[in-house]
Amino acid sequence: MPTVSVKRDLLFKALGRTYTDEEFDELCFEFGLELDEITSEKEIISKEQGDKKAEGASDVVLYKIDVPANRYDLLCLEGLVRGLQVFKERIKAPLYKRVMPNGEIQKLIITEETAKIRPYAVAAVLRNIKFTKDRYDSFIELQEKLHQNICRKRALVAIGAHDLDSLSGPFTFTAKRPSDIKFKPLSKTKEYTACELMNIYKTDNHLKHYLHIIENKPLYPVIYDSNGVILSMPPIINGNHSKITLNTRNVFIECTGTDFTKAKIVLDIIVTMFSEYCENQFTVEAAEVVFPNGKSYTFPELAYRKEMVRADLINKKVGIRETPENLAKLLTRMCLKSEVIGDGNQIEIEIPPTRADIIHACDIVEDAAIAYGYNNIQMTLPKTYTIANQFPLNKLTELLRHDMAAAGFTEALTFALVARTTLLPGLLKTIAANRKMPLPLKLFEISDIVVKDSSRDVGARNYRHLCAVYYNKNPGFEIIHGLLDRIMQLLDVPPGEKKGGYVIKASEGPAFFPGRCAEVFARGQSIGKLGVLHPDVITKFELTMPCSSLEINIEPFL
Amino acid sequence: MADGPVADVLLRRLEAADGGLDSAELAAELGVEHQAVVGAVKSLQALGEIIEAELRSTKRWELTAEGEEIAREGSHEARVFRSVPPEGLAQSELMRLPSGKVGFSKAMSNKWIRVDKSAADGPRVFRVVDSMEDDVQRRLQLVRGGQAEKLAEKERSELRKRKLLTEVTLKTYWVSKGSAFSTSVSKQEAELSPEMISSGSWRDRPFKPYNFSAHGVLPDSGHLHPLLKVRTQFRQIFLEMGFTEMPTDNFIESSFWNFDALFQPQQHPARDQHDTFFLQDPAEALQLPMDYVHRVKRTHSQGGYGSQGYKYTWKLDEARKNLLRTHTTAASARALYRLARKKPFTPIKYFSIDRVFRNETLDATHLAEFHQIEGVVADHGLTLGHLMGVLREFFTKLGITQLRFKPAYNPYTEPSMEVFSYHQGLKKWVEVGNSGLFRPEMLLPMGLPENVSVIAWGLSLERQREPPVPRP
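Because the structure is predicted, anything quoted here is derived from the model rather than measured.

### Details of the overall build of chain A
Part 1: Counting secondary structure elements, chain A contains 15 helices and 26 strands.
Part 2: Its C-alpha atoms give chain A principal-axis dimensions of roughly 95 × 65 × 55 Å.
Part 3: Looking at chain A as a whole, 53% of its 558 residues qualify as buried.
Part 4: In chain A, of all internal contacts separated by at least 6 residues, the share reaching a separation of at least 24 is 67%.
Part 5: When the accessible area of chain A is evaluated, it comes to approximately 25,300 Å², of which 50% is carbon and sulfur surface.
Part 6: Positive and negative charge centroids in chain A, built from 72 and 72 side chains respectively, lie 3 Å apart.

### As for helix 5 (residues 77–87) of chain A
Residues and elements named next belong to chain A.
Part 1: For helix 5, the tally of buried residues reaches 11 of 11 residues, placing the bulk of the element in the interior.
Part 2: Looking at helix 5, one finds that the buried residues are L77, E78, G79, L80, V81, R82, G83, L84, Q85, V86 and F87.
Part 3: Phi turns positive one or two residues past the end of helix 5, at E89, with a value near 60°.

### Things to note about the UniProt feature "domain: Aminoacyl-transfer RNA synthetases class-II family profile" (unreviewed entry) in chain B
Part 1: UniProt tags residues 229–463 of chain B as "domain: Aminoacyl-transfer RNA synthetases class-II family profile" (unreviewed entry).
Part 2: The span residues 229–463 of chain B carries 27% helix and 28% strand; its end-to-end C-alpha distance comes to 14 Å.

### Section: the UniProt feature "domain: B5" (unreviewed entry) in chain A
Part 1: The sites that UniProt annotates as "domain: B5" (unreviewed entry) are residues 302–379 of chain A.
Part 2: Regarding residues 302–379 of chain A, the helix share stands at 37% and the strand share at 22%, and the terminal C-alpha atoms are separated by 39 Å.

### Regarding the interface of chain A and chain B
Part 1: Taken together, the contact between chain A and chain B spans 80 residues of the former and 87 residues of the latter.
Part 2: In total, about 7,000 Å² of surface goes out of reach between chain A and chain B, with carbon and sulfur atoms giving 57% of it.
Part 3: In terms of surface lost to chain B, no three residues of chain A exceed F29, Y374 and M379 of chain A, which account for 10% of the buried area on that side.
Part 4: The interface formed by chain A and chain B contains nine salt bridges.
Part 5: As a salt-bridge pair, D281 of chain B and K452 of chain A come within 2.8 Å of each other at their nearest N and O atoms.
Part 6: The tally of links from chain A across to chain B stands at 44 residue pairs in polar contact (both at pLDDT 80 or more).
Part 7: Here the residues of the side of chain A that touches chain B sort into 35 nonpolar, 22 polar and 23 charged.

### Quick notes on the confidence of the model for chain B
Part 1: Across chain B, the average pLDDT comes to 88, with 97% of residues at 70 or higher.
Part 2: Predicted complex metrics record ipTM = 0.90 and pTM = 0.79.

### Focus: the packing of aromatic side chains
Part 1: Taken as a whole, this structure holds 38 aromatic pairs over all chains when the rule is applied.
Part 2: A cation over an aromatic ring shows up here: R461 of chain A above the ring of Y463 of chain A, its NZ or CZ 3.8 Å from the ring centre.
Part 3: One Lys or Arg, K321 of chain B, reaches over the ring of F278 of chain B and ends 5.8 Å from the middle of that ring.

### Considerations on the environment of R435 of chain A
All names here are of chain A.
Part 1: As for its position among the elements, R435 is in the loop between helix 13 (424–433) and strand 21 (441–452).
Part 2: Residues R435 and T544, spaced 109 residues apart in sequence, show a C-alpha to C-alpha distance of 9.3 Å.
Part 3: In this view, R435 contacts E542 and L543; residues no more than four positions away in its chain are not counted.
Part 4: In terms of polar contacts, R435 uses its side chain to reach the backbone carbonyl oxygen of A432, at 3.0 Å.
Part 5: Within polar-contact distance, the side chain of R435 engages the backbone oxygen of E542 at 2.5 Å.

### Here's the deal with unusual backbone geometry
Part 1: Looking along the chain, the bond that leaves F299 of chain A and enters P300 of chain A is cis, with omega of 0°.
Part 2: That bond from K343 of chain B to P344 of chain B is cis: its omega, -5°, falls within 30 degrees of zero.
Part 3: In this fold, P344 of chain B is placed in the loop between helix 15 (329–341) and strand 10 (348–357).
Part 4: For E542 of chain A, which is not glycine, the phi dihedral falls at a positive 60°.
Part 5: Of note, E542 of chain A is situated in the loop between helix 15 (535–540) and strand 26 (547–553).
Part 6: For E542 of chain A, a relative accessible area of 56% translates into the label exposed.

Cut-offs and rules
Residues numbered from 1 in each chain as written. Chains lettered and ligands numbered in written order. Predicted model: local features only at pLDDT ≥ 70, side-chain atom pairs only at ≥ 80, totals over all residues. Heavy atoms only, no water. Helix = DSSP H or I, 4+ residues; strand = E, 2+ residues; numbered from the N terminus. Buried < 20%, exposed > 50% of the residue type's maximum accessible area, 1.4 Å probe, protein only. Contact = heavy atoms within 4.5 Å. Areas by Shrake-Rupley, 256 points an atom, 1.4 Å probe, with all protein chains shown as cover. Lys, Arg positive; Asp, Glu negative; His and termini not counted. Charge placed at Lys NZ, Arg CZ, Asp CG, Glu CD. UniProt positions renumbered as here; feature names shortened; annotations may be inferred. Buried area = accessible area lost by both parts, 1.4 Å probe. Salt bridge = Lys/Arg side-chain N within 4 Å of Asp/Glu carboxyl O. Polar contact = N/O pair within 3.5 Å; in protein donor to acceptor, adjacent residues only side chain to side chain. Nonpolar A, V, L, I, M, F, W, Y, C, P; charged D, E, K, R; others polar. pLDDT = per-residue confidence, 0-100. Phe/Tyr/Trp six-rings, centres within 6.5 Å; stacked < 30°, edge-to-face > 60°. Lys NZ or Arg CZ within 6 Å of the ring centre and 35° of its normal.

Given below as structure tokens:
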């Protein structure tokens, strides 16, 4: 779940009112957010690096807010404020518009060399934008949040924002040999080739995580302007030439990637969030992207989609009885502009470009429920009539566990993580960790082991094993043997070779002391072994006393 | 028969005694250590009301080793006086005597002797008086004879200063007859024995009293694991609510059942190596239900069933990858798929509690392996209100009554809600579980009827305390 950090006072100013921490926490909860932490830069630095380093750092109060992973429209202050203001019916959701430029449209031409490394690109222009320090920081932070989440650490999509006035279109998105790419990257004072940069960034704590995306590829993606100026080498770094500053008025945004749908969503999110600061609020200047096949598309898509959902479906899924009009109002509060149409039971919902998470009517139902208030919904019990059954294997396990404890053995719970084929090592480790306890140590575990099995769809299966160990000054084979006899008595398996009976026969195994191992046969099949453990096994587990063990598969007794 | 000869004598003396006797005096009379008499008193006391013993502490003066020597041989100054012959003795020679140094100065200050410093071969010591009285020896002999009280306080303290006397505290018993006094006491029995029962001798035997403030001996028993006891409790709760247990006995699962069937897109971060343990062998699932797989593929990549889908290229290879299941919801998906293939549809309530695996770095609050508890109800027309109602009943059985619900996001449920309960100790709301209605994109490709809703919730067993009652 992404966490967005916003300045509290800036947030309250944008919301047009102040809240106590408790009130804001309550509002977040209701809206599906979580006020995770109240802190400051100073506090964060002092926690991570000590009070000394924190001296002089800002003590402006920060709210850290957890945002659901699919709500990209809430990943910055601008989006959070807009979402909450619409939710509280203080403003109406803005209408985002794509407009054509007065002059020539900005063009981004994709060459076919990109096909094998990063085939997609989209672009747009934010015209006459006005940055302040806080807006600028938020703009950079949103890109970072998108990179970490929907962009899957830049593997699926990478974003570049540039000062359009420092460049001259049309732009070319191509792929070149690293040695042929040379430019001055962000915050460096001289030019480097791409090969040099990849070396330099190996030690860069931030950028080193992205290098693997293009490293070892013959060609690296790169975007040029018409004068050969490099805008960016996605997904690693932008050029310093077109760097945006607080004074930048016109921003050219490009998103390149391997997932076209996500690239379009990312672009839509950035421009819908920051077109707020454009001279013509919430308008975005279109850019044209020409694909290698010659087809050209205009971005951002800023598509509004209409969905039709019946009011009774919403009521039925949530378990409420609201009029269609009320439901439409509830949805409108979630930035889903809705109205009742047709027979008076149909609600037409407009899905804005900010809500890429709405892909099905069930997403609309959820938003209606959130606006209604989860905690206002009447709780009812379903009338579903069913008879309960235990899973037979677990039922048998539960019965045996109690009888094992009644037989004086103590239950252990050990990790199965290695997808082990036997329970014995886990129990021996448990004994090693409890060597200080008074002797004898008598442990058991009934749990699953895993073996390969080509008759199963995944090629492997579990078996339910019962394992017990006896650790004392004497090997205690007779104790473990007696435990086996007791288990068989409980399972109603009589001793003897007869059909349906059980018997133990001399055997051997690498874990056992020679001559002190027997195989257990029951119901006509071998189900496991018991015996005195080999001294080499005992010492490998850093144990010092004789030890006997039993491990059997209990599935034949179902 | 009493405890040894001392106790026997004590009882006989006590019988004849008027009122009682002192343990120290008896020890002195018998010529035994005082401790032997004390032992006899204690063993008789343990028999009940045979005797009464009152602890008394008395102070007594005793001679030190040096004091004993003086009482025997005379004080140092007396010994010096006696060693000086009438013709006198060289001082250097006198000083070499054992009592020389101490005795010389004392005899000087008593004016028994004098020194002639002008003598020819160095200073010479002569007697001043013909005889003297050795008071120190006399006093010490009095103390030794038990007559210290005949000395004046001043005299005693002077002798103590000279480290010849010490005052000792003696703990003695004043022993008198008890209410059940008898000279022929028998030893109390520690325990009832089979012989006593068969012979009936228990009727005539006294028994040692028990010490009821001592701890008992813990039963020599085995124990169930505490976390698995909680698992039993949760199973019980589900069974009480009419839920049937799903099979979950396959730790190894394909990505298809673990993710794709749940409409979790193939680029989802949970499908990363960083979060999930993928298998090297068997690396891929051998069989998948291909008809169903195609419907899942279409729903992911193109949508359908009323969904826009995720619009990406869905890859079968990705779905085949085997892993250690990251949640038991994979088993729920299999169970719901089996349910969907049974016609006509019958409503179900399912549960499971079993191990799941996540690629986590282990620390105090993170395990790479834990137990997931999951509940699922499938029926026509189930609502979010039903989910909340079932959760309320479920948590009430756990002793949790204050619940509230927060909108949340899960890839495979919509609507989704996190369940919070008010923690009295922490004085805040804490998350206790996650829940929701399974997405139609998960259910409809399985073939479940369109108006069937499936509500589900999950929690982690490791985070649960034992339900309030009953124990153990």
